[in-house]
Amino acid sequence: VVVIDEAGMVGTRNIRSFQRYCDEAGAKLILQGDAKQLQPVSAGGIFRLIKQEVGAATLTDIRRQKNQQDLKTANLLYKDTALAFKAMDANGQVHGADSHPEAMAHLLRDYFASQSATRDKLILAGTHGEGKRLTAMLRDELRERGSLAGKAFQFKALTGRWFEQIDVQCGDKLRFTKKDAKLGVVNGTSGVVQKVDGRHITLRIESDIASQNGREVTIDTWTNKNFAHDWVRTVHKSQGQGKDDVFM
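Anyway, here's the lowdown on the structure attached to this text. (Residues numbered from 1 in each chain as written. Predicted model: local features only at pLDDT ≥ 70, side-chain atom pairs only at ≥ 80, totals over all residues. Heavy atoms only, no water.)

### Things to note about the sheet that holds strand β12 (residues 245-247)
Here 3 strands make up an open sheet; going across it, the order is β11-β3-β12 and the pairing parallel. This sheet does not close on itself; its edge strands, each paired only once, are β11 (232-234) and β12. Between one strand axis and the next, the sheet turns by 35° as a mean value, whatever way the strands run. The sheet contact formed by strand β3 (residues 121-125) and β11 spans 3 bridges and is parallel. Within the sheet, the bridge partner assigned to I123 lies in β11 and is V232. Sheet strands touched by helix α5 (residues 100-113): β3 and β12. Its angle to β3, the strand with the most contacts, is close to 170°. (Pairing = 2+ DSSP bridges. Helix = DSSP H or I, 4+ residues; strand = E, 2+ residues; numbered from the N terminus. Axes fitted to C-alpha atoms, helices over the stretch in contact; angles between N-to-C directions. Contact = heavy atoms within 4.5 Å.)

This is the structure in structure tokens:
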């Protein structure tokens, strides 16, 4: 049995390849996901079509939200997105701004005003460009507050499709952008920088998995360049995550 999670985000060609592979191996392919959430970046909305043609088992209870007001809003998303937006506006969860820089400044003000622990907060951006600008603004504020300490070292890192030069200091949040079996991490594993020099970065892993949480790993940046800042994530990168406070 092959199970694909978040299948609503998978493109048609990919699903076709998986199905062909399973057919040849005599395996069963199970798709689980939500056609009303984020759509594939690549071509096609095959998950929705498969549901229409073959049918599907459905879970209807939403359990992620912790209070009734947010739960009611989440349920509205499946009935009428306009009503959900109006409900969020009425709940004080939508704020207007005259420009991108002003909206970003408001977001960071609310982020730092939040009493939740850093690991329980999530900043979302629509594009990688917005994410980079927000990260730069946030790290400037963290330096002012003394949360980023020590010398900043610059590294060439494969943050996505392309290499970038990024500054890293003690207190920074980084995530891995590729699985590394030797370090026991996967794409998306996140941690806080404990030590950094011109070659090595030591992270304390933050994870909901008890055996992973608090574990320290050291990146040799001469051989492993698969990491990026993890203060901000795009909506697609963060799909499936839940945090106490989310800022977008």
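### Observations regarding the layout of surface pockets
A probe matching the size of a water molecule, rolled over the atoms, marks out where space remains unfilled. Volume-wise, the second largest pocket comes out at about 1,100 Å³. Along the walls of the second largest pocket sit 31 residues, with H128, T159, G160, R175 and T234 positioned nearest its centre. Broken down by secondary-structure element, the contributors of at least two residues to the lining of the second largest pocket are α6 (128-145), β5 (163-170), β10 (227-229) and β11. With 6 residues, α6 is the largest single contributor of residues to the lining of the second largest pocket. (1 Å grid on protein atoms, 1.4 Å probe; cavity = no way out; pocket = protein on both sides within 12 Å on 5 of 7 lines; lining within 4 Å. Points joined across faces, edges and corners; volume = space filled by probe spheres on them.)

### Describing empty space enclosed by the protein
The tally for this structure, following the rule as stated, stands at 1 cavity of 30 Å³ or more. Approximately 40 Å³ is the volume attributed to the largest cavity.

### Things to note about the environment of C22
Inspection of the secondary structure assignment puts C22 in helix α1 (residues 12-25). Note: C-alpha distance between C22 and D34 (12 residues apart in sequence) is 22 Å. Residue contacts for C22: discarding those within four places in its chain leaves V2, A27 and L29.

### A word on the sheet that holds strand β6 (residues 173-176)
What the 5 strands build is an open sheet, ordered β9-β8-β7-β6-β10; its pairing is antiparallel. Each edge of the sheet is formed by a strand with only one pairing partner; in this case those strands are β9 (216-220) and β10. The sheet shows a mean angle of 40° between the axes of neighbouring strands, direction not considered. Where strand β8 (residues 200-206) and β9 come together, 5 bridges link them in antiparallel fashion. Among the inter-strand pairings, H200 is bridged to a residue of β9, identified as D220.

### Topic: the pairing of β3
The buried fraction of β3 is high, at 5 of 5 residues. Across the two faces of β3 the burial is the same, with K121, I123 and A125 and L122 and L124 all buried. Relative to β12, β3 runs parallel, the two being bridged by 3 bridges. When the sheet's bridge partners are listed, K121 is paired in β12 with D245. (Buried < 20%, exposed > 50% of the residue type's maximum accessible area, 1.4 Å probe, protein only.)

### Here we look at the nonpolar core
Core analysis: the largest hydrophobic core is formed by 17 residues, its most contacted members being V168, F176, I201, L203 and F227. Elements with a minimum of two residues in this core: β4 (149-158), β5, β6, β7 (190-196), β8 and β9. Membership of the second largest hydrophobic core comes to 14 residues, among which are M104, L138, L142 and V232. (Core = buried A, V, L, I, M, F, W, Y, C linked by side-chain atoms within 4.5 Å.)

### Digging into unusual backbone geometry
Non-glycine residue E6 carries a positive phi angle of around 50°. Looking at the secondary structure, you find E6 in the loop between β1 (2-4) and α1.

### Regarding a nonpolar patch on the surface
Residues V1, V3 and I30 make up a contiguous nonpolar surface patch of about 270 Å² in total accessible area. Summarising the element assignment, V1 is placed in the segment before β1. (Patch = residues over 30% accessible without salt bridge, like charges linked within 9 Å, V, L, I, M, F, W, Y side chains within 5 Å. Areas by Shrake-Rupley, 256 points an atom, 1.4 Å probe, with all protein chains shown as cover. Salt bridge = Lys/Arg side-chain N within 4 Å of Asp/Glu carboxyl O.)

### Concerning the pattern of salt bridges
Enumeration according to the criterion identifies 9 salt bridges in this entry. Residues K66 and D244 are paired through a salt bridge, measuring 2.9 Å at the closest nitrogen-oxygen approach. Taken as a pair, K66 in the loop between α2 (46-54) and α3 (68-76) and D244 in the loop between β11 and β12 lie far apart in primary sequence, 178 residues in all. The exposure class assigned to D244 is partly exposed, which follows from its relative accessible area of 43%. A salt bridge links R233 to D230; the shortest N-O distance between them is 2.7 Å. For R233, a relative accessible area of 9% corresponds to the buried category. Overlapping salt bridges bring together R175, D230 and R233 as one network.

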